[in-house]
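# Coordinate inspection notes
Below are the chains, spelled out letter by letter.
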Amino acid sequence: MMSRSLLGLPLAGLLAFSLLACESKEAPPAPAPEKVDEAKAKADAPKPEAKAEPKPEDATKPEAELKAEAPKGEPKADDKAKTEPKEEAKAAAPKGDTQPAADVAAKTSVPDAPNGILPKGAADKLVKAGGRPVVHLLAAGGEPRAAAAYALVKGTSKPLRMGMELEMAMSAAGMNLPPTKMPRMVMTFDFSTGDKKGSDWPIEGTLKDVAVESQGAGQDKIAEALRPQLEPIKGLGMRYFVDEKGRVHDVTMSMPKAVPQAAQQMMTGMTQSIESMMAPLPDEPVGPGAKWEVLGRLTANGADLLQVSTFTLKERKGDLLTLDVAVKQLAAKDTVTPPGMPPGASARLVAFKSQGSGTSVLDTKDVAPTGGSMTVKSAMTLEVQIAAGGKTEKQNTSVDTSVTVSYARK
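Residues numbered from 1 in each chain as written. Predicted model: local features only at pLDDT ≥ 70, side-chain atom pairs only at ≥ 80, totals over all residues. Heavy atoms only, no water.

## Considering the packing of aromatic side chains
Heads up, the rule is: Geometry of aromatic contacts follows a simple scheme: Phe, Tyr and Trp rings, the Trp one being its six-membered ring, pair when their centres are within 6.5 Å, and the pair is stacked under 30 degrees between planes, edge-to-face over 60, tilted otherwise. Categorising residues by exposure relies on relative accessible area from a 1.4 Å probe, with only protein chains included: less than 20% of the type maximum marks a residue as buried, more than 50% marks it as exposed, and the intermediate range marks it as partly exposed.
Inspection of every chain in the model, using the stated rule, returns two aromatic pairs. When the ring of F189 is compared with that of F191, the centres are 6.0 Å apart and the planes differ by 25 degrees; the resulting orientation is stacked. Each member of the pair, F189 as well as F191, is classed as buried.

## Observations regarding the nonpolar core
Rule in force here: To define a nonpolar core, start from buried Ala, Val, Leu, Ile, Met, Phe, Trp, Tyr and Cys residues and group those joined through side-chain atoms within 4.5 Å.
Counting residues in hydrophobic clusters, the biggest one holds 51 residues, and the most contacted among them are Y150, F191, I203, W292 and L323. Ranked by size, the runner-up nonpolar core spans 15 residues in total, among them L298, A331, A347 and V399.

## Concerning the pairing of strand β3 (residues 160–172)
Under the convention used in this document: Pairing between two strands is assigned when DSSP locates at least 2 bridges connecting them. Helix numbers and strand numbers start at the N terminus; a helix is a DSSP run of H or I with at least 4 residues, a strand a run of E with at least 2.
As paired strands, β3 and strand β5 (residues 184–193) are joined by five bridges and run antiparallel to one another. Its bridge partner being in β5, L160 is matched across the sheet by F189. Of the strand pairs in this sheet, β3 and strand β4 (residues 175–181) are connected by five bridges, and their pairing is antiparallel. Within β4, the position partnered with M168 by the bridge is T180. Between the antiparallel neighbours β3 and β4 lie two residues, among them A173 with a positive phi of about 50 degrees.

## Thoughts on the confidence of the model for the protein chain
Do not read the predicted coordinates in detail wherever pLDDT is low. Definition in use: For every residue, the predictor states its confidence as a pLDDT score lying anywhere from 0 to 100. When checking whether two residues touch, look at their non-hydrogen atoms; a contact exists if any pair is within 4.5 Å.
Per-residue pLDDT for the protein chain has a mean of 76; in total, 70% of the residues score no lower than 70. Mean pLDDT across the secondary structure elements of the protein chain bottoms out at helix α2 (residues 18–21), with 32, and peaks at strand β1 (residues 134–139), with 96. Per-residue pLDDT stays below 50 along residues 1–105; that stretch engages in 216 contacts with residues further than four places along the chain or on separate chains.

## Looking at helix α8 (residues 220–230)
As a reminder of what qualifies: Each C-beta atom gives one direction from the helix axis, and the arc is the one those directions make.
Turning to α8, its buried residues are A223, L226 and L230. Looking down the long axis of α8, one finds its buried residues gathered within 70 degrees of arc, a one-sided arrangement. Exposed side of α8, more than 90 degrees from the buried face: K221, E224 and P228 are the residues found there.

## Some words on the pattern of salt bridges
Quick note on the threshold: One side-chain nitrogen of Lys or Arg within 4 Å of one carboxyl oxygen of Asp or Glu is enough to make a salt bridge.
This structure, assessed with the given rule, holds 19 salt bridges. With its nearest N and O atoms 3.9 Å apart, the salt bridge here joins R132 to D200. One end of the pair, R132, is in the loop between α7 (122–126) and β1; the other, D200, is in strand β6 (residues 200–213), and 68 residues separate them in sequence. For R132, a relative accessible area of 38% gives the class partly exposed. Judged by its relative accessible area of 13%, D200 falls in the buried class.

## Examining the environment of K208
Considering the arrangement of structural elements, one finds K208 in strand β6. Considered as a pair, K208 and I233 are 25 residues apart in the sequence and their alpha carbons are 9.0 Å apart. Setting aside residues no more than four positions away along its own chain, K208 makes contact with T188, F189, D190 and K234.

## Thoughts on unusual backbone geometry
A cis amide bond links E143 with the next residue in sequence, P144, at an omega value of 0 degrees. Mapping P144 onto the fold places it in the loop between β1 and β2 (155–156). Even without being a glycine, N115 presents a positive backbone phi close to 60 degrees. Relative to the helices and strands, N115 resides in the loop between α6 (85–92) and α7. For D250, which is not a glycine, the phi torsion comes out positive at approximately 55 degrees. For D250, the location among the structural elements is in strand β8 (residues 248–254). You can call D250 exposed: its relative accessible area is 54%.

So this is what it looks like as structure tokens:
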């Protein structure tokens, strides 16, 4: 897949400011959740004049457009239902095998999060830190429906090429760093699937190559500084397990010797990116248009995050699944312990927002995506408190990032 730590990859940002470069962070104070919920409720509420289920293609059209398309002189839906109930049902029924499910299993179970920060203990009620992702089916989709599961094939798969582009802006203590584009990072991984044990496959991964590609004269110096920092990472190994539904667990990493501290911090987020390449699948049979929500916990440079990923099944051809992915992250708590904090210093999240979208093409027999990309725009405001000389000083730092990650098989 590519849900969460496509966002945990910001290598360059990590070297510039380790806390903000990992995972997603987004905008100043997030819009009041109650307003978002109210808008969603209105969107979800059935129109009073149309009791029949709307067509899939009408679901995304504004009400004004739908009214404009209605033939003039047509009787109201309520009157028509009384006189022509059978015809009404025929008109409402989608054609072919893409008929959507009438039932929606659930709406999001995520509570309101003022400024993107969840109430204390709320994240633990949804999914425990370190626990496997929790999957909720939202809509089963149209016919034909069938169960979706991984059936990984033992052996080494084609190398995975992962590219990342990062743009970052920061303000602190009255100083503003304008949006800066970093050189493109490209990593090449090898993956190998072992013998299945129970419902799990053991996966071995190795980082074979790291490249820094300057995309303009202004990036040349940054690229030159990054290359020697990233070079020692080559050979990094990782091991994890994945079950038939794509839930990854027990991730361990073996770091090569003499890896710089900044690079080690970057790789923490990167391994979460690798972990999240497998899209967790629902237990129920699904068809075209199916939607499901995946709740997961992750740590990004000292921040405890709840990630909400929403998948939509766009197409299914044999073992290949084409998915649209929407990602949102919320802080599980406001306390943060970023690496490298000086003695006597503490940090607290004031506002946090992170969301993005993309596509992914999965082969359920393969451990890594066939292709895809995702863009995540993020922002956060962090209050840093420093105690020194009997005095305590507070300083707010705001960081905006835009990260685009793409996958391809060599």
